[in-house]
Amino acid sequence: MNNSKFLKIVIVLLLLINLSTISFMWLHRPPKKDAVGDFFSKELQFTAKQREQFEALKREHHEAKEALQEMDKEKHDAYLELLKNPSVDSVTVRNAAAEILKIKEKEELAMFYHFKKVRAICDEKQKQLFDKIIKEAARMMGSKQREGQGPPSRMGGGDGPPPPPRP
């Protein structure tokens, strides 16, 4: 058997192995987990009734969060559209940025009140534990929200637009 025929057979075999491995991994991937929900249920040892209440609160919060994310996307799109206008003034740019920040504020408030409602369904012993674990849960929730949203914003708290680039 010559070298080219042997190489073709090896390539075909490797291709088949890769395809079967990818297919296996795709078909047998674990279901997505709700890390924050599982964390609360496990750590606080919710009763069946509390789990039911917690699930309702999660759904409510998720719907509110999705609506705010859609508003955020629309405001960001409008903000970036301003780039097409060479004579856009700084007041218009600042107002568009302020609209985005208002949505961020609403997202933070929604998370705060969500956690407040979760704490309210806890008994006294669970409330003490809740107070100890809330920071970790909020970090988990924050990282989950940031997944897939691209690089962090570089919009700082400066007083004006950045200086023009030097030639």
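Nothing here was measured: the structure is a model prediction, and the numbers come from that model.

J.: Just checking my understanding: could you explain the overall build of the chain for this structure?
T.: When its secondary structure is counted, the chain shows five helices and zero strands. Counting helices and strands in the order they occur from the N terminus, the chain gives α-α-α-α-α. Taken across its 167 residues, the chain has 20% of its residues classed as buried. Considering only intrachain contacts with a sequence separation of at least 6, the fraction spanning at least 24 residues in the chain is 74%. Accessible area of the chain: about 13,700 Å², with a carbon and sulfur share of 60%.

J.: What is the right way to look at the nonpolar core in this model?
T.: Across soluble globular proteins, nonpolar side chains show a tendency to be buried alongside one another. Residues Phe 40, Leu 44, Phe 46, Phe 54, Phe 115, Val 118 and Phe 130 are the most contacted members of the largest nonpolar core, which totals 15 residues. Elements represented by at least two residues in this core include exactly helix H2 (35-44), helix H3 (48-81), helix H4 (90-120) and helix H5 (124-146). A total of four residues in this core trace back to one element, the largest contributor, which is H5. Apart from residues no more than four positions distant in its own chain, Phe 54 is found in contact with Gly 37, Phe 40, Ser 41, Phe 46, Val 118 and Ile 121. Ranked by size, the runner-up nonpolar core spans five residues in total, among them Leu 82, Ala 96, Ala 97 and Ile 100.

J.: It is not clear to me how the packing of aromatic side chains should be interpreted in this structure. Could you clarify?
T.: What describes a pair of aromatic rings is the distance from one ring centre to the other and the angle between the planes of the rings. Considering all chains together, one arrives at two aromatic pairs under this definition. Relative to Phe 54, the ring of Phe 46 has its centre 5.4 Å away and its plane inclined at 50 degrees; by these criteria the two rings are tilted. No difference in accessibility class separates Phe 46 from Phe 54, as the two residues are buried. Measuring from centroid to centroid gives 5.2 Å for Phe 112 and Tyr 113, while their planes differ by 85 degrees, and the two rings are edge-to-face. Residue classification places Tyr 113 among the partly exposed positions, given a relative accessible area of 45%.

J.: What exactly am I supposed to notice about H4 here?
T.: Since the α-helix advances by 3.6 residues per turn, residues separated by three or four positions end up pointing in the same direction. Look at H4: 45 Å from first C-alpha to last across 31 residues, which is about the 45 Å you get at 1.5 Å a residue. All buried positions along H4 are accounted for by Ala 96, Ala 97, Ile 100, Ile 103, Met 111, His 114, Phe 115 and Val 118.

J.: I would appreciate a short explanation of the environment of Lys 102 in the present structure.
T.: Relative to the helices and strands, Lys 102 is located in helix H4. For Lys 102, the side chain forms a polar contact with the side chain of Glu 99, separated by 3.3 Å.

J.: I keep staring at the pattern of salt bridges and nothing clicks. Help me out?
T.: Side chains that differ in sign of charge can pair as their charged atoms come close. As enumerated under the stated definition, the model contains ten salt bridges in all. We note a salt bridge from Glu 81 to Lys 84, for which the minimum N-O separation is 3.1 Å. Taken together, the salt bridges that share partners define one network made up of Asp 72, Lys 104 and Glu 107.

J.: Quick question: what am I supposed to make of the environment of Thr 92 here?
T.: Along the chain, Thr 92 turns up in helix H4. Side-chain polar atoms of Thr 92 contact the side chain of Asp 89, separated by 2.7 Å.

J.: Just to check I follow, could you spell out H3 for this structure?
T.: The end-to-end C-alpha distance of H3 is 49 Å, a good match for the 50 Å that 34 residues give at a rise of 1.5 Å each. Looking at H3, one finds that the buried residues are Gln 50, Phe 54, Leu 57, Lys 58, His 61, Lys 65, Leu 68, Asp 72 and Tyr 79.

What counts and how
Residues numbered from 1 in each chain as written. Predicted model: local features only at pLDDT ≥ 70, side-chain atom pairs only at ≥ 80, totals over all residues. Heavy atoms only, no water. Helix = DSSP H or I, 4+ residues; strand = E, 2+ residues; numbered from the N terminus. Buried < 20%, exposed > 50% of the residue type's maximum accessible area, 1.4 Å probe, protein only. Contact = heavy atoms within 4.5 Å. Areas by Shrake-Rupley, 256 points an atom, 1.4 Å probe, with all protein chains shown as cover. Core = buried A, V, L, I, M, F, W, Y, C linked by side-chain atoms within 4.5 Å. Phe/Tyr/Trp six-rings, centres within 6.5 Å; stacked < 30°, edge-to-face > 60°. Expected span 1.5 Å × (residues − 1). Polar contact = N/O pair within 3.5 Å; in protein donor to acceptor, adjacent residues only side chain to side chain. Salt bridge = Lys/Arg side-chain N within 4 Å of Asp/Glu carboxyl O.

Purely geometric numbers; function is a separate question.
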